[in-house]
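Here is what each chain is made of, one letter per residue.
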Amino acid sequence: HKPGVFFYEGEEGIEQVLNDSLESKTEIYTYADVEAVTSNLKAINARYAKERDKRGLKKKVIVADTEFNRRFFMDYDKTITEIRYMNKDFYQFKTGMQIYDGKISYQVLELDRKLGIIIHDPNIYQMHKLLFEFIWSKLQQVY
C-alpha cells in the first residue's frame with residue numbers, strides 16, 4: 001500500500017520522466033518553468049513536444065505571466081495545449097510538475113542538478129489534480 005516512487009538523474013532521467021507522460025490516457029496537467037526548460041533542456045523538450053503533438057495528447061499548462069512565456073506560447077497549437085498565466089510573484093521555482101494518469105512527476109531543472117521523480121499513488125494524484133483544477137479555475141483563460 002505504499003506509493004511507487006521512482007528517481008531519475010541527469011538529462012536522460014528528465015527525458016525518461018517526461019516521456020512517461022506520453023503514455024497517458026488522461027489529459028496532462030502541467031506547471032512549467034519555461035525559461036528553465038528552454039535554457040537547460042531545449043532539445044529534450046523539443047523532442048517531447050513533437051511526440052506529444054503527434055499523439056494528440058491534450059495538456060493544460062500553468063506558467064508565470066512573463067513576457068518570455070507569452071512569446072514562447074504565442075504560436076503554440078491551442079487545440080491540444082491550453083495555457084493559463086499565474087502572477088509571476090507566486091511562481092518562482094526551477095521545477096516542472098506533470099499530473100497525469102494516476103501519477104505525479106517532477107523535474108528539477110537547475111543547471112547543475114537535473115532530477116526527475118515519478119510518484120504513482122491514487123491519493124497523491126487526486127490531491128494534486130484537484131489543486132491544479134482549483135488554481136486553473138481562478139486563472140484567466142488566454143486565447
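Preceding this section is the structure that the text describes.
Each residue is numbered by its place in its chain's sequence as written, counting from 1. Given that the model is predicted, a residue must reach a pLDDT of at least 70 before its local features are reported, and side-chain atom pairs must reach 80 or more before they are shown or counted; all residues, however, enter totals for whole chains, interfaces and linings. Where side-chain values are given, they derive from all heavy atoms of the structure, hydrogens and water being excluded.

1. Re the environment of Thr66
Move 1: By definition, any uninterrupted DSSP run of H or I lasting at least four residues is a helix, any uninterrupted run of E lasting at least two residues is a strand, and each is numbered from the N terminus. With respect to the helices, strands and loops of the structure, Thr66 is situated in the loop between strand S3 (59-64) and helix H4 (67-73).
Move 2: The exposure class assigned to Thr66 is buried, which follows from its relative accessible area of 18%.
Move 3: Separated by 25 residues in the primary sequence, Thr66 and Leu41 place their C-alpha atoms 19 Å from one another. Whether a residue is buried, partly exposed or exposed follows from its accessible area with a 1.4 Å probe, protein chains only, as a fraction of its type maximum: under 20%, in between, or over 50%, in that order.

2. Comments concerning the environment of Thr26
Move 1: Relative to the helices and strands, Thr26 is located in the loop between helix H1 (10-20) and strand S2 (28-31).
Move 2: Residue Thr26 is classed as partly exposed on the basis of its relative accessible area of 30%.
Move 3: Through-space distance from the C-alpha of Thr26 to that of Lys114 is 26 Å; in sequence the pair is 88 residues apart.
Move 4: Here Asp101 takes part through its backbone nitrogen, which lies 2.7 Å from a polar atom of the side chain of Thr26. Each polar contact in these results corresponds to two N or O atoms within 3.5 Å; when the atoms are within protein, one needs to be able to donate a hydrogen and the other to accept it, and residues that are neighboring in sequence are counted only if both atoms are side-chain atoms.

3. Let's talk about the pattern of salt bridges
Move 1: Think of a salt bridge as a Lys or Arg side-chain nitrogen and an Asp or Glu carboxyl oxygen that are within 4 Å of each other. Evaluation of the coordinates by the stated rule reveals 10 salt bridges.
Move 2: Two residues, Glu11 and Lys114, come together in a salt bridge whose shortest N-O distance is 4.0 Å. Separated by 103 residues along the polypeptide, Glu11 in helix H1 and Lys114 in strand S7 (residues 113-120) bring together distant segments of the chain.
Move 3: Note on Lys114: relative accessible area 15%, which makes it buried.
Move 4: Overlapping salt bridges, with partners in common, bring together Glu23, Glu51, Lys54 and Arg55 in one network.

4. What about the sheet that holds strand S6 (residues 103-110)?
Move 1: Here, strands pair whenever DSSP counts at least two bridges between them. Strand order across the open sheet formed by 7 strands is S1-S7-S6-S5-S2-S3-S4, with mixed pairing between neighbours. Each edge of the sheet is formed by a strand with only one pairing partner; in this case those strands are strand S1 (4-9) and strand S4 (81-86). Across the sheet, the mean angle separating the axes of adjacent strands is 15° when strand polarity is ignored.
Move 2: Alignment of S6 against S7, held across 8 bridges, turns out to be antiparallel. Counted as the bridge partner of Lys103 is His120 from S7.
Move 3: Here, two residues are considered to be in contact whenever any of their heavy atoms come within 4.5 Å of each other. Only the stretch in contact is used when a helix axis is fitted, and all axes are lines through C-alpha atoms; the angle between N-to-C directions ranges over 0 to 180 degrees. Each of S1, strand S5 (95-100), S6 and S7 touches H1; the most contacted strand, S7, lies at about 30° to it.

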